[in-house]
Structures are given as structure tokens and as C-alpha cells.
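# Observations on chain architecture
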Amino acid sequence: MAVSLTETFHKLGCSLLERCRDAGDDLAQQLCATLEPMLSPGFRVGFVGVRGETGEVLMEPALLIYTTALAELEGAPQYVAPEAVAGVLHVTQSLNEASLADGYAPIGKIKALPGHDTDSIEGWHHVPVGMIVACDCDRPLEQLVDAIATLNASIPSTRWADAVSVLSLGLINYAVQFEGGKIGGDFILPNKTGAMQFAMYVHVVVSSPGTYTFNRTCGFLFMHLGCFSRKTSLPTNQMLMEGVPRIAVNIRAYMFDATDHLVPVPDEMRQDRGYGLQLMPYRVEDQKGKLLSRVQFVPWLGGAAIRVYGDLPLMPFIVLLGKMDRPPQQMKTPDGTISSILPIGRPQFEVMLARFNRQSNVIFKREQPSWTVTKMADEGTASPFMARLFLNILDLRKSALETKADIEAFEKPYELVLMSSITVRDLAREIGELLTDHRSKIERGVGIRIDGRTIHVDEPIDKDLRQLVESFLNSSNRVMLTGMKEAAKALQIDIGFFFKKESTFLNGVTALDGSDPYLANYCRKARTWSDMLNSVRNDMEHNFWSVPRVQYRIEEGRVVVIEPGIMARSVSDFTKFVTDRMLCFVEEICVHGLQRRMPDCISIAEVPLAQRPVERPERFRFRTAGGGMPLWNILYHDAAFDET
């Protein structure tokens, strides 16, 4: 049976890694020997330098990929012309911050060579690719992105490395996303300004295809080379990764500024910071109110773009803006057309619409959102509760659950869990405040009288306290037995035994040991506090139990409040303890279930408490499964929810 191209490259990659890691062969020499037959006849690869037209040395020998049409065909040349250089590979055995910086130096020189000024035309370009290739790395790929970002901050984006490949871990490269669209394919970083004028984001993405990293590396490299020379025919990324997951995690995002250089996306332009609210379009209607199209102002660094939805042409809008320093461009999108970045602000856009309105028979109306915004709580994303149990869980759900049916099956019970958890927290706080306020009044002599040995309480709280505790227990039951049981089931985790009698629990958790030992151990330890909660709630339902009355005693002529207890804890401590354990249980069971539903190459890592952004302290982040980052496992702990 014929061996597929994917498996052929896979074997080459495994052999290359084995020789260079275990046998100690030189990675640069072995990589050169491996790539040479693949790139022929359109390209050659070797250690050569670059000379200019007058013979001056523009670059000392390095591992370059160059076109054979512009190089000596007989023998191995010592130097090639700058326009022949299609790429440079900086190779190192182990990658660290120092060798990463070393790799940026030759890449920057190659991208600055003359002879690479041809504009991109119909997918063809003349931009040399710069890659850093290593066997291993001294840190996980996601942490390597931080080192790359530090280098990027000090170097113009026209001189950045296009990709970093660690053959034992995975690939870091860039992917493009046009405003309003999804993240697309691999992106070719421009080596000059004046070309990238559209509203687009450039994401740093990390993929960890394991032993297929060489396939992914070659697929990325061949894509660049295939665009560099029309005469070459190299395998595509799809051909080299057939049957292999090609999912990547986006770690950082850049955008082009007014100088056509890439800069980090400002916080105020992130969708989760409300940027989408600035993008409400205008309706374009005829005189009878029929919707003809929509036109949208898209704010950007150094200006804005104009997007038109539907078949209405874009250019009449641009013409009415007046003459501009830079010729405007337009690009088709799946749902219409979008302009290049124009040197305008919203006032100019509004004036243009008014002018268009006067000179045509159409009417512009600001789109009115059809949303219903309901206040959930008096807190925002800076609250660990909202950031973790609301935003973080729903973000993770997007990648773990693929079908609409799966999403709805989880979201329905989880909405009950979330809203009931808010109620539980509020009730626990009210119970604490009621007791604290009562104690304060009694200590100040308010609502209390002493008559001999008799204490008269004029403002008792027993009725209110009992009602709050009963509501707390009932809401806690909705979170656990009604909500979490079904939410876990929707994530294909059957923990129904967790809520049943001891014998059923023991049988269920023992069976779980074989398929999910981490979850089994977690359930054993969580059962201790869950039993406390169930015991109290059952006594309330079936044995007429209620919270004991508040007690008082006289000490040194003053009345002291004795708070009633539940399960050997004071009422306020019991409700606080149960709330804390329950919130941890909700988060960790849901995240564990979502983690198990993710593709093999994607997983979840825990963000250390000190590294979580104050404005959105989410606990978990997507990470590549094989990128070297320690992945999260569900483990029981006694830390408070806010300290986890």
C-alpha cells in the first residue's frame, strides 16, 4: 500500500529529531540535507551569502533558500543576488531568549535586502520568509510567545520572524483576521510599509501537532515559497497534514497602525471591552422604508474603514469624503465590501452620510439593537465570580462543544446553576450582615433590656434568620442536585451517584476510578462537605429541623450574642463555607468536563493567581496540549474561591 505524503514527511521529521537529539548530529546540516530534495528544482537551500550588483557583500553566509533561476546552477554558489533570496532559516539546537534574539538578526537583514519591492498581486509576492527552527526549547511554547512579544516591541514588524518551529513541541506563527470575520489562515508578514491598509488583525497562534510538527513547519514554509515563485510546485499544508488536527490557540493580537506597522491591539479595541458597541451600522432604506443595505463606520488606529453590506457599491461613499492623501482601496468580503483604512473620524463619516442623503433618494437610519440587556448583578468582569463562572466558562464552552444541540444541553442547566449561585452568595452575605448588625446593636444596648437576671430582646432576628437559612439551603440544593447534576451530564460526566446514599456513592466512585481517577478522587473529598449540606437540608425537609434561636447571656453587666450553630459551625461560618465549596465545585466540575470534550491538541492550563488581569481575573486559558505548558487536572483543595 502506498505511503501517504503526510506519513512520508512524518517519518522524515521523526528521523531528523532523533538524529539531532539523540545522535548529536548538527541540526542545521541535517535540515539542509532533508529540505534540499524537496525544494528542487525551483529552489535550493544552503549556506550562502548575498552580494549586491556591484559585488559588495550584503550578508555573510547563512542558511538561505534561494531561487535557482537567479543563482548559479552548477555547483554550490558562495553568494547569490539579493532578489534570489526566498528565505532564511536560523537553526539552533535548543531555543532560549538569547538564541531567539540571535535568530531575529539574520531574518531582519534578509527582509531588508533590496530587490524585494514587488507588490503582492493575486496572491503572489516577493517577501522572503524568515523562520527559526530548533529541536527543543527551555520553556513552553506559550511562554516563548512572551519572549517573542518582547522582541517584537523593539523591532519594526517588517523585520519580525514569520515563524518559530520547535520540532519537539510545535509551531508559533501568525494568522490573519479581517474585522468582523473569523481568524483565517497563515499570514505572510510584509517586509515594507504601504501595503497593509485594511482593517485586519494579526494573531500570534500556537499549534502543537506533536511528532507532526515537521509536517506543519514544511507546510508553512512551502506556502510562503509557493507564493514567492509562480514556477514552483510544492506540497500544500493540507497535503502534509492530512488527517492531523490543525487547530491552533491564539495567544496575542496585533493590528496595523497609521504607519503600516503592527502594534498590540489596545484594550479599548477588544470585543470583550465593548468595542462591538462602536460598530453599530446605519440602515440604508428607500423612501418606503425598505432595507436596501447597511453601511458601517469601523474605527481604527489612525483613521477608520467603511464597510457596506449587500450589493450597494462602496465607492460612492468614498468619493463623497473628498480627496485623500492615500488612494483608497476596497476589498470584497463574504457579505459585502470594506474599504482600506481612511484618514477620517466619525464626524467626517456623519457629514458624508448627510451629503449622500441629500444627493440621493435613500434614507440613513442608525441601526437599533434588538438586544434586551438585563442586569445580572452589581459587579462586573473584575469580580472573580463573574470573570470565572460566567465569562471563563462560556469562553471555554465555545471550543469544547461543537454542535448547537450540545451547547443548548449544557447552557440550560448551567444558567440555573449560575443564577442560583448568585442567590446563594447573596443569601450568605445577608445572613452574615444580619448577624453582624444584630450583634452591633446589642453591644450598643439598642433593642435590649436587662431586668435582673432576665434579658428582654425587643428586636429579635430569629424569624428572619430562619427564613434566610431555609432559602439558602433550598437554593444550594438547586445548584447541586438540580443544576450541576444535569450540567455535568450534558458534558458527558455522570456524577449522579455523588448525590445519592453512601452505598450507591461508593459503588459509583469505585467504577469511576477506572475511567477518570482524578475526578473520582475529587468526588471522594468533595463528598465530605456535600454530606453536611445534604444532611441539614434533609433534616429541614423531613425532620422539622430549623435554625436554633439566637442565645444571649450577661457578661460583666453587658449582653453578649451567642450565634446559633449548624453542624458544629456558626451559622455565618457554615453558609460562608458551603458557598465557597460550592462555587469551587461548580467551576472545577464544569471546566473538567469541558476539558475532556476539547480536541486532542487543545487543553486548559491554570493561570497563576498573581498573573490574572485585575480587570478580568479568569482562572483558565486555552493552551496547546503538547506545547510544554503544564495542563490543569482536577484536584480537590481547601483554598477559598477567591484565593484559588
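Note that the structure is a prediction, hence the values are computed from the model and not measured. The written sequence of each chain sets the order in which its residues are numbered from 1. Only residues with pLDDT of 70 or above have their local features reported here, since the model is predicted, and side-chain atom pairs are shown and tallied only from 80 upward, although totals for entire chains, interfaces and linings are computed over all residues. Calculated side-chain values reflect all of the structure's heavy atoms, with hydrogen atoms and water omitted.

### Details of the side chain of Ser420
Its location among the elements puts Ser420 in helix α10 (residues 404-443). In this structure Ser420 comes out as buried when scored by relative accessible area, which is 5%. By definition in these notes, contact holds between two residues if any of their heavy atoms fall within 4.5 Å. Apart from residues no more than four positions distant in its own chain, Ser420 is found in contact with Ser475, Arg478 and Val479. Only runs of H or I of at least four residues qualify as helices and only runs of E of at least two qualify as strands under DSSP, and these elements are numbered from the N terminus. Only protein chains enter the accessibility calculation, which uses a 1.4 Å probe. A residue is then buried if its area is under 20% of the maximum for its type, exposed if over 50%, and partly exposed in between.

### A look at the packing of aromatic side chains
Any two rings among Phe, Tyr and Trp, with Trp reduced to its six-membered ring, count as a pair given centres within 6.5 Å; such a pair is stacked if its planes are under 30 degrees apart, edge-to-face if over 60, and tilted if neither. For the structure shown, the criterion picks out 19 aromatic pairs. Through a chain of ring-to-ring contacts, the aromatic side chains of Phe497, Phe498, Phe499, Phe505, Tyr522, Trp529, Phe585 and Tyr636 assemble into a single cluster. Directly above the ring of Phe641 sits Arg388, whose terminal nitrogen or CZ lies 3.9 Å from the centroid. Across the ring face of Phe577, the terminal group of Arg569 is positioned such that the distance to the ring centre comes to 3.9 Å. Definition used: whenever NZ (Lys) or CZ (Arg) falls within 6 Å of the ring centre and also within 35 degrees of the ring normal, the charge is taken to sit over that ring.

### Observations regarding the nonpolar core
Here the nonpolar core consists of buried residues drawn from Ala, Val, Leu, Ile, Met, Phe, Trp, Tyr and Cys, with membership extended through side-chain atoms lying within 4.5 Å. Core analysis: the largest hydrophobic core is formed by 79 residues, its most contacted members being Phe410, Tyr414, Leu465, Ile495, Phe498, Phe585 and Ile589. Counting only elements with at least two residues in this core, the list comes to α9 (384-400), α10, α11 (462-490), α12 (502-515), α13 (517-542), β20 (558-562), α14 (571-597) and β23 (602-606). Setting aside residues no more than four positions away along its own chain, Phe498 makes contact with Met480, Phe505, Cys523, Ala526, Arg527, Ser530 and Phe585. Among the nonpolar cores identified, the runner-up in size contains 44 residues, and Ala62, Leu141, Leu144 and Val204 belong to it.

### Description of the pairing of strand β18 (residues 454-457)
A regular strand places its side chains so that they alternate between the two faces of the sheet. With four bridges joining them, strand β17 (residues 448-451) and β18 adopt antiparallel strand pairing. Pairing of Arg449 across the sheet is with His456, part of β18. Here, strands pair whenever DSSP counts at least two bridges between them. Hairpin connection between β17 and β18: a loop of two residues separates the two successive antiparallel strands, and Gly452 in this loop has a positive phi of roughly 70°.

### Quick notes on the environment of Gly42
With respect to the helices and strands, the residue Gly42 is situated in the loop between α2 (27-39) and β1 (43-51). The sequence separation of Gly42 and Arg230 amounts to 188 residues, and the corresponding C-alpha distance is 9.5 Å. Not counting residues within four places of it along the chain, the set of residues in contact with Gly42 comprises Tyr66, Thr67 and Thr68.

### A few points about the packing of α10 against α11
Put simply, α10 and α11 touch, their axes get as near as 8 Å, and they point 155° apart. Put simply, α10 runs roughly antiparallel to α11. The interaxial crossing formed by α10 with α11 has left-handed handedness. Of the residues that constitute the contact of α10 with α11, the class distribution is 19 nonpolar, eight polar and four charged. The convention used is that axes are lines fitted to C-alpha atoms, helices contributing only their stretch in contact, and that angles between N-to-C directions extend from 0 to 180 degrees. Here is the rule for angles: anything less than 35 degrees is roughly parallel, anything more than 145 is roughly antiparallel, 65 through 115 is roughly perpendicular, and the remaining ranges are oblique. Each helix crossing is assigned a hand: it is left-handed if the near helix lies turned anticlockwise from the far helix by less than a right angle, otherwise right-handed if that turn is clockwise. Residues were grouped as follows: Ala, Val, Leu, Ile, Met, Phe, Trp, Tyr, Cys and Pro as nonpolar; Asp, Glu, Lys and Arg as charged; and all remaining residues, including Gly, as polar.

### Things to note about the confidence of the model for the chain
As a per-residue measure, pLDDT reflects the predictor's confidence and takes values from 0 up to 100. In this model, the chain carries an average pLDDT of 89, and 93% of its residues clear a pLDDT of 70 or more. Taken element by element, the chain is modelled with least confidence in strand β16 (residues 363-366), mean pLDDT 83, and with most confidence in strand β6 (residues 163-166), mean pLDDT 97.

### Some details on the sheet that holds strand β11 (residues 282-285)
Strand order across the open sheet formed by six strands is β14-β15-β13-β12-β11-β16, with antiparallel pairing between neighbours. Bordering the open sheet on either side are β14 (330-333) and β16, each of which pairs with just one other strand. Direction aside, the axes of adjacent strands within the sheet are offset by 25° on average. With four bridges joining them, β11 and β16 adopt antiparallel strand pairing.

### So, the packing of α10 against α14
One way to put it is that α10 packs onto α14 with a least axis distance of 9 Å and a crossing angle of 160°. Relative to α14, the element α10 is oriented roughly antiparallel. For the element pair α10 and α14, the recorded crossing hand is left-handed. Across the interface between the two elements, Asp406, Phe410, Tyr414, Val417, Ser421, Val424, Arg425, Ala428, Ile431, Gly432 and Leu435 of α10 pack against Val571, Ser572, Thr575, Thr579, Leu583, Val586, Cys590 and Arg597 of α14. Tallied by class, residues from the contact of α10 with α14 come to eleven nonpolar, five polar and three charged.

### Some details on helix α4 (residues 141-154)
Multiplying 1.5 Å by the helix residue count minus one yields the expected span of that helix. The end-to-end C-alpha distance of α4 is 21 Å, a good match for the 20 Å that 14 residues give at a rise of 1.5 Å each. Of the positions making up α4, those classed as buried are Leu141, Glu142, Leu144, Val145, Ala147, Ile148, Ala149, Leu151 and Asn152.

### A few points about the sheet that holds strand β4 (residues 85-95)
As summarised here, the arrangement of the ten strands in space is β3-β1-β2-β4-β5-β6-β7-β8-β9-β10, forming an open sheet in which the pairing is mixed. Of all the strands in the sheet, the pair left with one neighbour each is β3 (79-80) and β10 (262-264). In this sheet, β4 lies alongside strand β2 (residues 57-67) in antiparallel orientation, the contact comprising three bridges. Within β4, the residue paired with Tyr66 across the bridge is Val85. Packing of α2 onto the sheet brings it into contact with β1, β2, β4 and β5 (129-137), and relative to β1 it is tilted by some 115°.

### Side note on unusual backbone geometry
Backbone torsion omega between Ser40 and Pro41 reads 5°, so that peptide bond is classified as cis. Within the fold, Pro41 resides in the loop between α2 and β1. For Asp260, which is not a glycine, the phi torsion comes out positive at approximately 70°. Assignment of secondary structure puts Asp260 in the loop between β9 (249-256) and β10. With a relative accessible area of 4%, Asp260 lands in the buried category. At Ala568, a position not held by glycine, the phi torsion is positive, near 65°.

### Side note on the pattern of salt bridges
Each salt bridge in this description consists of a side-chain nitrogen of Lys or Arg and a carboxyl oxygen of Asp or Glu lying within 4 Å of one another. Taken as a whole and judged by the stated rule, the model has 33 salt bridges. When the shortest N-O distance is used, the salt bridge between Asp395 and Arg616 registers 2.8 Å. One end of the pair, Asp395, is in helix α9; the other, Arg616, is in the loop between β23 and β24 (620-624), with 221 residues separating them in the sequence. Judged by its relative accessible area of 24%, Asp395 falls in the partly exposed class. For Arg616, a relative accessible area of 9% gives the class buried.

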